[in-house]
Amino acid sequence: MKGFSEKYKAFEDVISGVFFLSGVTLIFYGVIMRYIFKTPLFWVDEISTYVLVWGTILGWSIAQRDGRHIRVTLLYDKLPIQAQRWVSVFSRTVSLAFCLFLAYLAFLMEVKYIQSQQVSLNMQLPLWIAHIFVPLAALMLGWRYFLELIGLLKNGGREWIQTKIAEKEMGGMGHHGSSSAL
């Protein structure tokens, strides 16, 4: 499982990074073509927008993995560790359910786009292609919540509790800020 986890982490980082780099490169190319060569390209704005959005939504799971999502921990930090664990279990369960719901609705949207053969305005790109990353990103984020939930439930949460105790002893900050909070 460790090998798969590292490969999956690398996959997330590479694919999201490639989309961001591609989006920025396309924007730069569009600016050069428009202002230096005086030949604006109609497709650059649309494709660069899609590519940057794809990189962003695929980054959802990276943000969760690294504990970078916004969290409100004012009350959470005041709870006993065992209560924090159960609040975290609840939080991860609700988040996982939301991700599955989002993936389901996005899948229904994809089916609708395929059936109706809707296309984008400028490039006439099938909208199912433009939106394919929404269900994928929702499932990837859901996978992260699932892994966290398993970690919280495994062996009565002993490993998680030990990590929380170590974080408190180190001054309350985990490996990436308050990464184990809500």
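Just so we're clear, the structure is a prediction, and the values are computed from it rather than from any experiment. Starting afresh in each chain, residues are numbered from 1 along the sequence in its written order. Since the coordinates come from a predicted model, pLDDT governs what is reported: local features require at least 70, and pairs of side-chain atoms require 80 or more to be given and counted, while whole-chain, interface and lining totals use all residues. Only hydrogens and water are removed before side-chain values are computed, so all heavy atoms of the structure are retained for them.

Caption draft 1: Structural detail: unusual backbone geometry. Residue Gln-117 is not a glycine yet carries a positive backbone phi of 55 degrees. With respect to the helices and strands, Gln-117 occurs in the loop between helix H3 (81-116) and helix H4 (127-130). When a residue's accessible area, from a 1.4 Å probe over protein chains only, is under 20% of the maximum for its type it is buried; when over 50% it is exposed; and in between it is partly exposed. For Gln-117, a relative accessible area of 65% translates into the label exposed. Positive phi, normally seen in glycine, also occurs at Gln-124, with a value near 60 degrees. Only DSSP runs of H or I covering at least 4 residues are called helices, and only runs of E covering at least 2 are called strands; the numbering of each starts at the N terminus.

Caption draft 2: Main features of helix H6 (residues 158-169). Helix span, expected: 1.5 Å multiplied by one less than the number of residues in the helix. Compared with the 16 Å implied by 1.5 Å per residue over 12 residues, the 17 Å span of H6 between its first and last C-alpha is a close match. Burial in H6 covers these residues: Trp-160, Ile-161, Lys-164 and Glu-167. For H6, the arc enclosing every buried residue in end-on projection is 120 degrees, short of the 170-degree limit, so these residues lie on one face. Set apart from the buried face of H6 by more than 90 degrees, the exposed residues are Arg-158, Glu-159, Gln-162 and Glu-169. In this description, one arc is meant: the one made by directions from the helix axis to the C-beta atoms.

Caption draft 3: Region of interest: helix H1 (residues 2-36). Compared with the 51 Å implied by 1.5 Å per residue over 35 residues, the 50 Å span of H1 between its first and last C-alpha is a close match. Looking at the buried residues of H1, the elements they touch are helix H2 (42-65) and helix H5 (133-153). Following H1 by one or two positions, Lys-38 has its phi on the positive side, about 55 degrees. Note on contacts: a residue pair qualifies if any of its non-hydrogen atoms lie within 4.5 Å across the two residues.

Caption draft 4: Just the confidence of the model for the chain, in detail. Per-residue confidence from the prediction method is given by pLDDT, with values spanning 0 to 100. Chain-level pLDDT for the chain is 88 on average; 93% of the residues reach the 70-or-more range. Within the chain, the element-level pLDDT minimum falls on H6, averaging 78, and the maximum on H3, averaging 95.

Caption draft 5: Structural detail: the packing of aromatic side chains. Side-chain rings of Phe, Tyr and Trp, where Trp is taken by its six-membered ring, are said to pair if the distance between their centres is within 6.5 Å; with planes under 30 degrees apart they count as stacked, over 60 as edge-to-face, and otherwise as tilted. Per the counting criterion, the structure on display carries eight aromatic pairs. A centroid spacing of 6.0 Å and a plane angle of 20 degrees characterise the contact between Phe-4 and Tyr-8, whose relative ring orientation is stacked. Taken together, the residues span about one helical turn, with Phe-4 and Tyr-8 both in helix H1 at a distance of four residues. The class of Phe-4 is partly exposed, set by a relative accessible area of 45%. Judged by relative accessible area, Tyr-8 falls into the buried class, the value being 13%. Site record: aromatic cluster; members linked through ring pairs are Phe-19, Tyr-50, Trp-54 and Phe-133. By definition here, charges over rings are those cases where NZ of Lys or CZ of Arg is within 6 Å of the ring centre and within 35 degrees of the ring normal. Note that Arg-85 overlies the ring of Trp-86, its terminal NZ or CZ placed 4.5 Å from the centroid.

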